[in-house]
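# Commentary on secondary and tertiary structure
Read off the chains here:
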Amino acid sequence: MAQHVSYRQPPKQRGRPPVSNMMDPNQLFDDTSASQHPQPTSYTVQGIDMGLPINNFLSEPVADFAMTYGTTIASQGKDMVHKELNRFVSVNKLKYFFTVDTRYVTKKLALLLFPYTHQNWELGYRVDSRLTPREDFHANAPDLYIPTMAFITYILLAGVALGIQQRFSPEVLGMCASTALVWIIIEVLALVLALYLISVHTDLTTFDLIAYSGYKYVGMIITILAGLLFGRDGYYVALAWTSCTIMFFLVSDSFVLSCLSGNGKNITVPFFTPILPVPS
């Protein structure tokens, strides 16, 4: 039998389009993105111009409103801080006690160290308020400048005295400052409590009490200097002198007497002295 042999033409291979660029021999995979041509897509944002300068942005009404609102909030916060501060410490009253000049400071220091020659102890007044320390010609008005400076000088001078005695250390100096500060607080609290218990209506404010309590540091500075210069004998002589002068000053001060004896009650005003470094 004759065999019929049919010959079928093999299928044609679809050719790949030529690649325009040479393939990188180090490339691991074929780049198949050459045959794809994605359509470019553009997105347009309406109403935003990124080319505007910052000055034009700040001049916008919204930015102006934000700045105005922020300024208002800051002003309200400042007023609130001042209001809360004035509840505890009156800034205007505190400024009164630091209104001093060179003439007043010189006269006041001479008055504290040599009060026996002082004649006029009256405190000057205006129509409805007393004169400031700078305006008081006789230096009878209390102040806080001299007590503050005297307190700082006393701490530094006590450190010098302890250093000369080979007993200085930062801990000892800190303890000395803390002790002196605690004594002032105890004195003022004791006076306020005493005035409250005996029901005395006085014009003495807390700042007045702090001022009169702080004047003793002037005498304590003189005492330490005398001890450093003249030894133990000079120390005790200066201590006796300054103790007498501060007591005479407080007893003779007409403002203290008029305030504390306004209800016909005589009051003894105690002022304590912190422990001084006695020279060896």
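Residues numbered from 1 in each chain as written. Predicted model: local features only at pLDDT ≥ 70, side-chain atom pairs only at ≥ 80, totals over all residues. Heavy atoms only, no water.

With that settled, the discussion passes to the overall build of the protein. In terms of regular secondary structure, the protein is built from nine helices and zero strands. Secondary structure of the protein in N-to-C order comes out as α-α-α-α-α-α-α-α-α. Classification of the 280 residues of the protein by burial places 30% in the buried group. Restricting the contact set of the protein to residue pairs at least 6 apart, pairs at least 24 apart contribute 77%. A total accessible area of about 20,400 Å² is found for the protein, and carbon and sulfur atoms account for 64% of it. (Helix = DSSP H or I, 4+ residues; strand = E, 2+ residues; numbered from the N terminus. Buried < 20%, exposed > 50% of the residue type's maximum accessible area, 1.4 Å probe, protein only. Contact = heavy atoms within 4.5 Å. Areas by Shrake-Rupley, 256 points an atom, 1.4 Å probe, with all protein chains shown as cover.)

This brings us to the packing of aromatic side chains. Each aromatic ring pair is described using two quantities: the centre-to-centre distance and the angle formed by the ring planes. Applying the stated rule across the entire model yields 13 aromatic pairs. Between the aromatic rings of Y116 and F248, the centroid separation amounts to 4.9 Å while the plane-to-plane angle is 50°, which identifies the pairing as tilted. Here Y116, found in the loop between α4 (102-113) and α5 (145-164), pairs with F248, found in helix α8 (residues 216-252); they are 132 residues apart in sequence, far enough to count as distant. In this structure F248 comes out as partly exposed when scored by relative accessible area, which is 31%. An aromatic cluster is present here, built from F114, Y116, W121, Y212, Y215, W241, F248 and F249 joined pairwise through their rings. The ring of F137 is capped by K107, whose NZ or CZ atom sits 3.8 Å from the centre of that ring. (Phe/Tyr/Trp six-rings, centres within 6.5 Å; stacked < 30°, edge-to-face > 60°. Lys NZ or Arg CZ within 6 Å of the ring centre and 35° of its normal.)

One finds Y104, I146, Y154, Y215, Y217 and F249 to be the most contacted residues of the largest nonpolar core, which totals 32 residues. Broken down by secondary-structure element, the contributors of at least two residues to this core are α4, α5, α6 (170-197), α7 (206-214) and α8. Those residues within four positions of Y215 in sequence are excluded, and the remaining contacts are Y104, K108, L112, A141, P142, D143, I146, P147, I246 and F249. If you look at the next biggest cluster of nonpolar residues, it comprises seven residues, including Y96, L144, F207 and A211. (Core = buried A, V, L, I, M, F, W, Y, C linked by side-chain atoms within 4.5 Å.)

Let us look at the pattern of salt bridges. One pass over the structure, following the stated rule, counts two salt bridges. D208 serves as the salt-bridge partner of R130, at 2.9 Å between the closest nitrogen and oxygen. One end of the pair, R130, is in the loop between α4 and α5; the other, D208, is in helix α7, with 78 residues separating them in the sequence. The residues R130 and D208 share a single accessibility class, namely buried. One salt bridge connects E187 with K216, and the closest N-O pair in it is separated by 3.1 Å. In this pair, E187 is assigned in helix α6 and K216 in helix α8, connecting sequence segments 29 residues apart. Among the residues examined, E187 registers a relative accessible area of 0% and is labelled buried. (Salt bridge = Lys/Arg side-chain N within 4 Å of Asp/Glu carboxyl O.)

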